[in-house]
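Summary of the model geometry
So the chains spell out like this:
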Amino acid sequence: MSLPLEGRSAIVTGAGRGLGRAEALELARLGAAVVVNDFGQPGRDGSGAASTGPAEEVAAGIRAAGGRAVAHTGDVADHQQARELVELAVTEFGQLDILVNNAGILRDRMVFSMSEDEWDSVIRVHLKGHFNTTHFAAAHWRARSKSADAPVYGRIVNTSSEAFLAGSAGQPNYAAAKGGIVGLTTSTALALAKYGVTANVICPRARTRMTADVFAGFQEPAGDGSEDRLDPLAPEHVAPLVGYLASPAAAQVNGQLLVVHGGMVAVVERPRVAAKFDTKQDAFTYDELDALLTPHYADRPAGETFAAAEVLGLKHE
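The text that follows walks through the structure, step by step, so that each part is easy to find. (Residues numbered from 1 in each chain as written. Predicted model: local features only at pLDDT ≥ 70, side-chain atom pairs only at ≥ 80, totals over all residues. Heavy atoms only, no water.)

1. A few points about the pattern of salt bridges
Evaluated as defined, the whole model comprises 10 salt bridges. The closest approach of N and O atoms between Arg-17 and Asp-38, which form a salt bridge, is 4.0 Å. Note that Arg-17 is positioned in the loop between strand 1 (9–12) and helix 1 (18–29) and Asp-38 in the loop between strand 2 (33–37) and helix 2 (53–64), a separation of 21 residues in sequence. (Salt bridge = Lys/Arg side-chain N within 4 Å of Asp/Glu carboxyl O. Helix = DSSP H or I, 4+ residues; strand = E, 2+ residues; numbered from the N terminus.)

The structure is reproduced here in structure tokens:
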């Protein structure tokens, strides 16, 4: 029996470690040929010299297991290097079928303390990095579709975060970038649907190099003989969803946001209109808005905002 991704090719960014590594291995296990991208900087804040080691090691592991893989060690936030990444997939494997955007860094700070560089660097790697690879992959699929005069096979899986959904106070740059990625994904989903391409976004929770301090000692398997159990925050809980969204089985899943971690997947509903007010005049006045909106918000729970902090309580039952 053939594997669901047999004959397909994929790019996974930030695949030298953590989530990206688990996702690249899963796609390879499902039969895809994989371009393993990782810039290789050791610091979770994007510091340190770039290295070919992480990407090369994952690619070598896939090949050793009988799969097909090549490494790409460029910076996806650089427009030209993102172009070269997509071109590498096409050159090595004939075409690109799947793009998984995962690369990212953290530079946490409260908004009143954050420097311009801390803001710009996180937006650059996450949001611009997602755009760059999406741009060149989309152009590739559009050209193929026009040449064939028919839809092609294309899958994009982007990586957002619960920090965007819940409004992480100490991560204004990261939350903004991850919110932007959701907007990029829904726009892309609508733009590319006619070419046969789907675009979805996940909000994963996992214990990785980026989150080691956040989840230190949190939900680790207890020392009661359960050491062989998979850590509830292991990246391997996330990878199967990426494999599914990249597969033919997910052809009807497009423009969706899913939270995933620890043996749980939650489909997040799009925003709904909670209330609507109409002026009784030609245009609203301050007094009319005061009479309508002030009572509306008077009985709302303290601290309740548009952020959906309840997602942080989701867990496997």
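Let us keep going from here.
2. Some points on the sheet that holds strand 7 (residues 257–261)
In space, the eight strands of this open sheet follow the order 3-2-1-4-5-6-7-8, with mixed pairing throughout. With partners counted over all chains shown, the strands left at the sheet margins are strand 3 (69–72) and strand 8 (264–267), one partner each. The average angle at which neighbouring strand axes cross in this sheet is 20 degrees, direction not considered. Pairing analysis gives three bridges linking strand 1 to strand 4 (residues 98–100), with the strands arranged parallel. (Pairing = 2+ DSSP bridges. Axes fitted to C-alpha atoms, helices over the stretch in contact; angles between N-to-C directions.)

3. Describing the layout of surface pockets
The volume enclosed by the second largest pocket comes to roughly 820 Å³. Lining of the second largest pocket is provided by 26 residues; of these, Val-268, Glu-269, Arg-270, Pro-271 and Phe-306 occupy positions nearest its centre. Taken together, the elements giving at least two residues each to the lining of the second largest pocket come down to helix 5 (162–166), helix 6 (172–192) and strand 8. Each residue belonging to the lining of the second largest pocket can be placed in one class, and the counts come to 16 nonpolar, four polar and six charged. (1 Å grid on protein atoms, 1.4 Å probe; cavity = no way out; pocket = protein on both sides within 12 Å on 5 of 7 lines; lining within 4 Å. Points joined across faces, edges and corners; volume = space filled by probe spheres on them. Nonpolar A, V, L, I, M, F, W, Y, C, P; charged D, E, K, R; others polar.)

4. Things to note about the nonpolar core
If you look at the biggest cluster of nonpolar residues, it comprises 32 residues, and the most contacted ones within it are Leu-27 and Val-36. Contributing elements (two or more residues each) for this core: strand 1, helix 1, strand 2, helix 2, strand 4, helix 7 (239–245) and strand 7. Ignoring sequence-local partners within four residues, the contact set of Val-36 consists of Val-12, Ala-15, Ala-24, Ala-55, Val-58, Ala-59, Ile-62, Val-70, Ala-71 and His-72. (Core = buried A, V, L, I, M, F, W, Y, C linked by side-chain atoms within 4.5 Å. Buried < 20%, exposed > 50% of the residue type's maximum accessible area, 1.4 Å probe, protein only. Contact = heavy atoms within 4.5 Å.)

5. Points about the environment of Glu-116
Within the element layout of this structure, Glu-116 appears in helix 4 (residues 116–148). We classify Glu-116 as exposed; its relative accessible area is 63%. For the pair Glu-116 and Val-76, spaced 40 residues apart in sequence, the C-alpha separation works out to 21 Å.

6. Looking at the packing of aromatic side chains
Scanning all chains against the criterion turns up zero aromatic pairs. Directly above the aromatic system of Tyr-153 lies the positively charged group of Arg-8, at a separation of 3.7 Å from the ring centroid. The lysine or arginine in question, Arg-155, covers the ring of Tyr-153, its NZ or CZ lying 4.2 Å from the ring centre. (Phe/Tyr/Trp six-rings, centres within 6.5 Å; stacked < 30°, edge-to-face > 60°. Lys NZ or Arg CZ within 6 Å of the ring centre and 35° of its normal.)

7. Let's talk about the side chain of Ser-121
On the secondary structure map, Ser-121 appears in helix 4. For Ser-121, a relative accessible area of 12% translates into the label buried. In terms of polar contacts, Ser-121 uses its side chain to reach the side chain of Arg-107, at 3.2 Å. For Ser-121, the side chain forms a polar contact with the main-chain oxygen of Glu-118, separated by 3.4 Å. The residues touching Ser-121, leaving out its near neighbours within four places in the chain, are Ile-105 and Arg-107. (Polar contact = N/O pair within 3.5 Å; in protein donor to acceptor, adjacent residues only side chain to side chain.)

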